[in-house]
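Structure assessment
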Amino acid sequence: MNRIRRITDILVNVWMRAGLYLLLAIPVLIGVGLYWKAAPIIGGHSLSDLLFSRQWFPMKGEFGFMPFIYSSAYVTVLAFILSAPLCLFAAIYLTQFGKHRLLQVMLPVIDILAGIPSVVYGVWGVLVIVPAVAKYVVPLFGVVSSGYSLLAGGVVLAVMCIPYMLNMLIEVFQTIPVGMKEASLSLGATHWEMVKHVIIRKGFPGILSAFGLGIAKAFGETIAVLMVVGNTLDISVSPFSPGYPLPALIANNYGEMMSIPDYDSALMFAALLLFVIILVINLFFRYFIHKTEKI
Amino acid sequence: MRTWKVWEQRLVKGISFLAAYSVIFILLFLLFVVFSKGLKALSWGTVFSLPKGGYYFGGEGGILNAIVGSFYLSVGATVLAVIIGVPAALFINVQLIRLKRTQNTIRYLLDALWGIPSIVYGAFGFALMLLLGLHASLLAGIITVALLITPILVRAFDEVLKTIPVELQEASFSLGSTKTETALRVIFKQGLAGFITALLLAFGRGIGDAASVLFTAGYTDNIPVTLDEPVATLPLSIFFQLSSPIEEVRERAYAAAVVLTFFILLISVSARFLSKRYAKNIIK
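Source: prediction; values computed, not measured.

Calculation rules
Residues numbered from 1 in each chain as written. Chains lettered and ligands numbered in written order. Predicted model: local features only at pLDDT ≥ 70, side-chain atom pairs only at ≥ 80, totals over all residues. Heavy atoms only, no water. Helix = DSSP H or I, 4+ residues; strand = E, 2+ residues; numbered from the N terminus. Buried < 20%, exposed > 50% of the residue type's maximum accessible area, 1.4 Å probe, protein only. Areas by Shrake-Rupley, 256 points an atom, 1.4 Å probe, with all protein chains shown as cover. Domains from an automatic or database assignment. Buried area = accessible area lost by both parts, 1.4 Å probe. Salt bridge = Lys/Arg side-chain N within 4 Å of Asp/Glu carboxyl O. Polar contact = N/O pair within 3.5 Å; in protein donor to acceptor, adjacent residues only side chain to side chain. Nonpolar A, V, L, I, M, F, W, Y, C, P; charged D, E, K, R; others polar. Contact = heavy atoms within 4.5 Å.

This brings us to the overall build of chain A. For chain A, the helix and strand inventory stands at 12 helices and two strands. If you list the helices and strands of chain A from N to C, you get α-α-β-β-α-α-α-α-α-α-α-α-α-α. Across the 295 residues in chain A, those meeting the buried criterion constitute 54%. As displayed, chain A offers around 13,100 Å² of accessible surface, 67% of which is attributable to carbon and sulfur atoms.

In structure tokens form, the structure reads like this:
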């Protein structure tokens, strides 16, 4: 009996350890795997050429990722500008001004919004945002656009970022000690002054992290953006012109990547680029959050 | 001075009130659009039949291949994620209970892993597939989705496990049980509600994700019988059909979107219900 128990203990221990090590090895494996597939293109071109060149002619062997990086950055910034203030104010209302009941209603709402698949947001974008941009927004500026544009991509992304950022902001505001708020109020501050000087100041690192992680999330979002952004190779300042973000490039061209030399490794390079950028942003801002959580 | 303060506060309260309620409005609006558009196209034929000849030109048939395919894929991936993830989560909370620093580092890494977009997993899954000599198939899809959802499962389960008091483990050890017995019979049982939430969260993510299966699962009009056959998934069926120029085909994409959204809502509601139900067994 005793021996069986000991052997089970050892075996299960090995299993548990293996599971954990495998899990922790995933990021390393992804990095190595993508680098291995992207190696031909990294070896054949200089890194600055790949990142900053605007020449994208896979048939001629020219791979400049600048238009894609530009589009990605454009929709991400747009999404951030649209969603960040909304999330900040909503989180303030839910944790400071509103009734506790509202927060209880809100948490499932956030969960459901976060759970809705990207492709459904894409369908919504195609049905609502794209026609709205084409019919109502574009005429105001006197330009012509099909609606499939950087702006549509930014709006859909903004909506997708809301549950993610809002959830983190609520958690940040909830960790601020009640005593601190009471001290401020007892000195005669109005509710808003208390929020301004105590909540926002004290939660500043957390707010920054929530925003940063929201940006990282937006940067890597694929299907929903792909469906509304138009996917045209172009560097344009106007939000009404179509764009072609990095994830869309990867998703759109998987079919033909085997037929053109170096094309598959170019796409793997794009994936590697996304992976590195997002991992770095994540590690940086998660560090902030973990620091504040421990206190 | 006094009045400005009051006005400023009123203004901010008004703005933040609108911001908070607009989030609820967005959800309702989204659901309304998806359901109102899709329910018209939804019928028993769409849900319970396979694509027939000329389906992608507006012919007869349905999306059963994608529904069943998504289900197979997600169940497979969730099982794999449980096999890897549950022992890992228990290990963090039993064996490493005294090593707070290590625990925090692991959680930090897992959180960072959570943020990696699914398209990167998809590309990696594709590279892995080539390395292992697989082609786009149910198995390759399962492996890729499992990689994507395991960190989610572990972190969600771990959030609950870490609230379990150390004393409970100490009591179990003092009665002479091994670490394994403590982990499986005491800690796992205590965290059962959290496990169910984590399981459904991971399952939901698996069923809804498109970018990771784009390269790895392929697409087919049939229901796969073996692991090395390609498999259709709901998100991809929505995605492909929506890009069609034919109205009937796009209608089916809306119908498929309703089916997918319905599953996600169902999973979300049952996660809430079940976690409440199983929370009753917890020793406080």
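Attention now moves to the domain arrangement of chain A. Residue and element names in this part refer to chain A. With domains assigned, chain A is organised as domain 1 (2-50) and domain 2 (65-294). Placing a centre on the C-alpha atoms of domain 1 and another on those of domain 2 gives a separation of 29 Å. Taken over both partners, the interface formed by domain 1 and domain 2 buries close to 1,000 Å², and the fraction arising from carbon and sulfur atoms is 80%. Of all residues in domain 1, Leu34, Ile41 and Leu50 give up the largest surface area on contact with domain 2, accounting jointly for 46% of the area buried on that side. The interface formed by domain 1 and domain 2 holds zero salt bridges in total. Put simply, domain 1 and domain 2 have zero residue pairs in polar contact (both at pLDDT 80 or more) between them. Of all the secondary-structure elements, those providing two or more residues to the side of domain 1 that touches domain 2 are α1 (2-44) and α2 (47-52). The element best represented in the side of domain 1 that touches domain 2 is α1, accounting for 10 residues. Here the side of domain 1 that touches domain 2 is built from residues that sort into 10 nonpolar, one polar and one charged.

Below, the discussion takes up the environment of B:Tyr219. Topologically, B:Tyr219 is positioned in the loop between α9 (192-208) and α10 (234-242). As for B:Tyr219 and B:Leu109, which are separated by 110 residues in sequence, their C-alpha atoms are 34 Å apart.

The interface of chain B with chain A comprises 81 residues on the first partner and 80 residues on the second. Interface of chain B and chain A: buried area, both sides summed, is about 7,300 Å²; carbon and sulfur atoms make up 80% of it. Of all residues in chain B, the largest losses of buried area upon contact with chain A belong to B:Leu30, B:Phe91 and B:Tyr108, amounting jointly to 8% of the total for that side. For the pair chain B and chain A, the number of links is three salt bridges. For B:Glu8, the salt bridge identified is with A:Lys196, shortest N-O distance 3.0 Å. The tally of links between chain B and chain A comes to 12 residue pairs in polar contact (both at pLDDT 80 or more). Among the elements of the structure, α1 (2-41), α3 (64-93), α4 (100-114), α5 (118-132), α6 (138-161), α8 (179-190), α10 and α11 (247-278) of chain B are those that each provide at least two residues to the side of chain B that touches chain A. The greatest single-element share of the side of chain B that touches chain A, amounting to 22 residues, is contributed by α1(B).

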